[in-house]
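What follows is each chain in one-letter form.
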Amino acid sequence: MGTSASQLPKDLLSEYQSNPFKERICLVFSTSDNKDGSLTFEDFLDLLSAFSDSATSDIKSHYAFRIFDFDDDGTLDRKDLERLVNCLTGDTDETRLTSDEMKQLINNILEESDIDKDGTVNLSEFQHVISRSPDFVSSFKIVL
Amino acid sequence: MRRRGTLKTGLLPGGNVALEKIGLTEEDVRDEIMSEEQDLVKELVTMSTRECIQAIRDLPMCMEDKKNIRNQVLASKSSKKGFLLTCSADCSEQISLSLRRCGVGLSSARQAVRLWQGTMKEIGGRFGTSVLSYFSFLKWLLMFNTISFLVNFGFITIPQLVQTSGRSPDVRFTGLELITGAGYFNQTVMYYGGYINGTKDSDFKYNMQLAYFFTIAAYLVLCGVSLIYSMARSFRRNFVLSDLSSGSAWRLLCSWDFSMVNERAVRQRKNNLRVQLKESLSEMMQTNFLPVSERMKQLGIHLCTWVVSAGLAAGSCAAIYYLCQYNLQQIKVSQNPGNLKEEASTLLLPFVVSLFNLVIPLLYSLLSKVENYSNPRFQIYVIILRNVFLKMSILSILCFHWVNNVTTNVPMCWESYVGQDLYRLVIVNFFFSIFGSFFGEFLRRIIGTRCMPSIGIPEFDIATNVLDLIYAQTLTWIGIYFSPLLPLIQMIKLFLLFYLKKVSLNRNCQPPRRSGRAAQMQTIYIALLFFPSFVGALSLVAYTVWCLTPSDSCGPFQGLNTTFEAVSLWMEDTAIISEFSWAVWIYSHMIKSELFFFLLALIFLVLIYFFWQITQGRKMLIILLKEQIINEGKDKAFLLEKLRTFQNLSLVPYHAENVHGPQYFERTYQTESDYSEGYQRGACPEEDTPPFASSALMQAMMARRQAEEEDEEY
């Protein structure tokens, strides 16, 4: 498959996953300079380590936050949350939520998790919400 | 420690382009990151090697950065030690390194030999964590039974086999014994009657009475302690720390199963999630203002269904009781024991019990369709409660019958009779599990795909199966006293059941539609296993040991008034020996006296009240801290506003240089103050949300840099 210095491009990996977050995962774990989402062997190890059974809840929530942060600004604002919901429910016209439902849902989410009421969810608030959902750790797993 | 690693990603996610927008150079940010790293390395150097390694592993950075930090820490440590590296220090380093490597190797080897590891990963990947929880529960019960069997076999059965080697039972082995448990098995070590206290004759010095009593007591105490520990740990993790109130939106979003690889399963999961989100939204928006007549009608329906289900349970209990009485009468009037037809007729009782256990829950689920529960989680709780009530009432009727009627009316060993009853119940329960799987899953799939496609493929019914497991385990725990080798049967049964359920699951079922709260249901199942299952079994065994007279003609406790008398006699014998007078003192003053237990209970009540008050205080503290966070957010917005006005006043001479900076800054603060008033406004300026709107550190660094430049100017 290549040496440890070879790079795995993003589209090759996405063939093997039907995960809706496949692109974000590649981007987050990639340390390449040109930000094209390609993974070296060490990046791949990082990926598997973060998604393994023995990773702590801290590490998982940290990486989950980075995966959900679609615009990479360090916080989850309304746009990020909207894209997250669309990713999870389907992106075509029939499967999307209506804009009213989306607004209501995002308001509910922010009400639950935005503790300092600044309209965005930062890393600490996200980790606090995650610590209260015990199912998260067991579902944030990739098994080979 | 947690914050350190996040700083780098928090500052540099957008790359250089975003940084230029805000007027900061890469240098400033890199300086900050370097100083953070220095602090981190300093902190790591003070820890011991093992803690240091664990801390580095827990950093949320990429591997290269972690290696970097580890090298810095090692360099710093070795430079500290300087020239004090003596031979012994070097040796101890080598030894600790090799020990650590050994430990890691052992733990990975242990992972490899775990039972059913691969299968469970497969099931978890295809069906999700809630279905997997059934199989892990099964594996956990298998462990309980294995320990019980090993302990009983080692301490009770082997000495008995050694003692009676040479004698063989009179009855021939026919195949029917495997199901009825009587006949050939009756005179073997399978049941209580096969054990004899041999200290009186020969020079075999093994006190079977004490061994029998203490083995079973020790096992039950161990079981109880481990159940309480698991229950408390699970409760703390899944109920206390998690949010029981609304909180459904985030819970649903975070429940996305990353290990699903099947394309169709992923699509289905997305559909299900969308449906669930819509349902939860409509639930929240629905008002609870039903008219009074509607509510009365609802209440009436609930009451009716509860009365009907209680009536069904009572009816089945009565039927079983009369059947038990009939069985006893048959034994009294039986002409020749050992008749094949009579032995087969003993199977009628377990058959009827298992039939009730299978059919009545189906009636319950039909009833629950008539009722209309607003909360689907509440509906599941009600169904589970009714099923548990049914199963436990059937078991209590059987126990009542055994304890009251069987002890006086059975001519032979009554303990062996009870043991045989339990054996038959366990075996027939196994067959009914297979039938239930066959009808519930296989036939339903055939019907759903060929005849009536509207029903569709069935889902794996976790609640029914787990309650079945709990029921079978209760039977085993009750049966340990009467039939010490019953855990072996349960072990074989669980082993076969795992593979049967796995095959049925893979061929017949689809992944669950609703992403249920698997972790909370797990806690409830463990709690049900403890109470009423374990507590009920323990109280029955304790009552038997304490109050009932052992039968005169068989068993290790022949001739005593109660089983516990064996311990009293032993204590009297030991009192003569002066070295063990402390043990005798403990026995007579602590175990036998009621005052001691009364005082103990009083102390526990005081402690419980004390901890309850602490919990209340902590709840109030959480509310206060949340308010404090909100206030600090408002303070931050206020201070940033002040900074903006200050910079606006002083930024005029720099307008030419930082064209993007202050304009961008103004927009930042504008939207910042909008956000501080609340995010519910319709005209929220979402389109020009700047990426660093809430990065206070950026603005503070910018202000510091401008202040430095100001100083240079003047």
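What you see is a predicted model; the values in this text were computed from it and never measured.

### Side note on the overall build of chain A
Stage number 1. Within chain A, the secondary structure is distributed over eight helices and zero strands.
Stage number 2. Its helices and strands taken in sequence order, chain A reads α-α-α-α-α-α-α-α from the N to the C terminus.
Stage number 3. Considering only contacts within chain A whose residues lie at least 6 apart along the sequence, 53% involve residues at least 24 apart.
Stage number 4. With the model as given, the accessible surface of chain A reaches about 6300 Å², and the carbon-plus-sulfur share is 51%.

### Concerning the nonpolar core
Stage number 1. Counting 107 residues, the largest nonpolar core has Tyr134(B), Phe137(B), Leu398(B), Trp477(B) and Tyr481(B) as its most contacted members.
Stage number 2. A per-element tally of this core places helix 18 (residues 462-482) of chain B first, with 13 residues.
Stage number 3. In this structure, Leu398(B) is in contact with Ile320(B), Cys324(B), Leu349(B), Val353(B) and Leu425(B), ignoring residues within four places of it in sequence.
Stage number 4. Ranked by size, the runner-up nonpolar core spans 48 residues in total, among them Phe29(A), Leu76(A), Leu84(A) and Val129(A).

### Some thoughts on the interface of chain B and chain A
Stage number 1. Across the contact, 65 residues belong to chain B and 66 residues belong to chain A.
Stage number 2. Approximately 5900 Å² of surface area, both sides summed, lies buried where chain B meets chain A, with 61% of it carried by carbon and sulfur atoms.
Stage number 3. Viewed at the interface, chain A and chain B are joined by one salt bridge.
Stage number 4. Summed over the shared surface of chain B and chain A, the number is four residue pairs in polar contact (both at pLDDT 80 or more).
Stage number 5. Those elements giving two or more residues to the side of chain B that touches chain A turn out to be helix 1 (4-11), helix 5 (63-81), helix 10 (208-240), helix 11 (248-254), helix 12 (263-285), helix 20 (518-547), helix 23 (594-650) and helix 24 (660-676) of chain B.
Stage number 6. Top contributing element to the side of chain B that touches chain A by residue count: helix 12 of chain B, with 10 residues.
Stage number 7. Across the side of chain B that touches chain A, the residue classes tally to 28 nonpolar, 17 polar and 20 charged.

### Points about the packing of helix 7 (residues 117-127) of chain B against helix 8 (residues 129-163) of chain B
Residues and elements named next belong to chain B.
Stage number 1. Orientation of helix 7 relative to helix 8, taken along the N-to-C sense of each, is 155°, at an axis distance of 7 Å. With respect to helix 8, the element helix 7 is oriented roughly antiparallel. Taken together, the residues of helix 8 that come into contact with helix 7 (itself represented by Met120, Ile123, Gly124 and Phe127) are Thr129, Val131, Leu132, Phe135, Ser136 and Lys139.
Stage number 2. Here the residues of the contact of helix 7 with helix 8 are counted per class, giving six nonpolar, three polar and one charged.

### Looking at the packing of helix 16 (residues 376-409) of chain B against helix 20 of chain B
All names here are of chain B.
Stage number 1. In the contact formed by helix 16 and helix 20, the axes pass within 12 Å of each other and the chain directions differ by 15°. On the basis of their axis angle, the class for helix 16 and helix 20 is roughly parallel. Of the two possible hands of crossing, helix 16 and helix 20 adopt the one that is right-handed. Of the residues in helix 20, those touching helix 16 at Arg377, Ile380, Tyr381, Ile384, Val388, Met392, Cys399 and Val403 are Gln520, Met521, Ile524, Tyr525, Leu528, Pro532, Ser533, Leu540 and Tyr543.
Stage number 2. The residue inventory of the contact of helix 16 with helix 20, partitioned by class, reads 14 nonpolar, two polar and one charged.

### Comments concerning the domain arrangement of chain B
How big an interface is tends to be stated in terms of accessible area lost as the parts join.
Stage number 1. If you check the domain split of chain B, you get domain 1 (26-60) and domain 2 (130-280 + 296-561).
Stage number 2. The straight-line distance from the C-alpha centre of domain 1 of chain B to that of domain 2 of chain B is 53 Å.

### Thoughts on the environment of Ile524(B)
Residues and elements named next belong to chain B.
Stage number 1. Structurally, isoleucine 524 can be placed in helix 20.
Stage number 2. Isoleucine 524 gets classed as buried once you look at its relative accessible area, which sits at 19%.
Stage number 3. For isoleucine 524 and arginine 57, which are 467 residues apart along the polypeptide, the C-alpha to C-alpha distance reads 34 Å.
Stage number 4. Every residue in contact with isoleucine 524, bar those within four places of it in the chain, is listed here: Phe239 and Tyr381.

Thresholds, definitions, all that
- As a convention, each chain's residues are numbered from 1 in the sequence order in which they are written.
- Ligands are numbered from 1 and chains lettered from A, in the order in which they are written.
- Where totals are concerned, whole chains, interfaces and linings use all residues; where local detail is concerned, this predicted model gives features only for residues with pLDDT of at least 70, and gives and counts side-chain atom pairs only at 80 or more.
- To obtain the side-chain values, all non-hydrogen atoms of the structure were included, while hydrogens and water were left out.
- Strands are runs of DSSP state E lasting at least two residues, helices are runs of H or I lasting at least four, and both sets are numbered from the N terminus onward.
- We call two residues in contact when some of their heavy atoms are within 4.5 Å.
- Throughout, the Shrake-Rupley method with a 1.4 Å probe supplies accessible areas, and for residues the shown protein chains are the sole cover considered.
- For the purposes of this section, nonpolar cores are sets of buried Ala, Val, Leu, Ile, Met, Phe, Trp, Tyr and Cys residues that join through side-chain atoms within 4.5 Å.
- Type-normalised accessible area, obtained with a 1.4 Å probe on protein chains alone, sets the label of each residue: buried when under 20%, exposed when over 50%, and partly exposed for intermediate values.
- Accessible-area loss on putting two parts together, using a 1.4 Å probe and summing over both, is the definition of buried area adopted here.
- One speaks of a salt bridge when a side-chain nitrogen belonging to Lys or Arg is within 4 Å of a carboxyl oxygen belonging to Asp or Glu.
- Contacts described as polar in this section are N or O atom pairs within 3.5 Å, which, within protein, must combine one atom able to donate a hydrogen with one able to accept it, while residues neighboring in sequence count only if both atoms come from side chains.
- Basically, the charged four are Asp, Glu, Lys and Arg, the nonpolar ten are Ala, Val, Leu, Ile, Met, Phe, Trp, Tyr, Cys and Pro, and anything else, Gly included, counts as polar.
- Note on geometry: axes are C-alpha line fits, over the in-contact stretch for helices, and angles between N-to-C directions span 0 to 180 degrees.
- Should an angle fall under 35 degrees it is taken as roughly parallel, and over 145 as roughly antiparallel, whereas 65 to 115 is taken as roughly perpendicular and any remaining angle as oblique.
- The hand of a helix crossing depends on one turn: near helix anticlockwise from the far one by less than a right angle means left-handed, and clockwise means right-handed.
- Segmentation into domains, and thus their bounds, comes from an automatic or database assignment.

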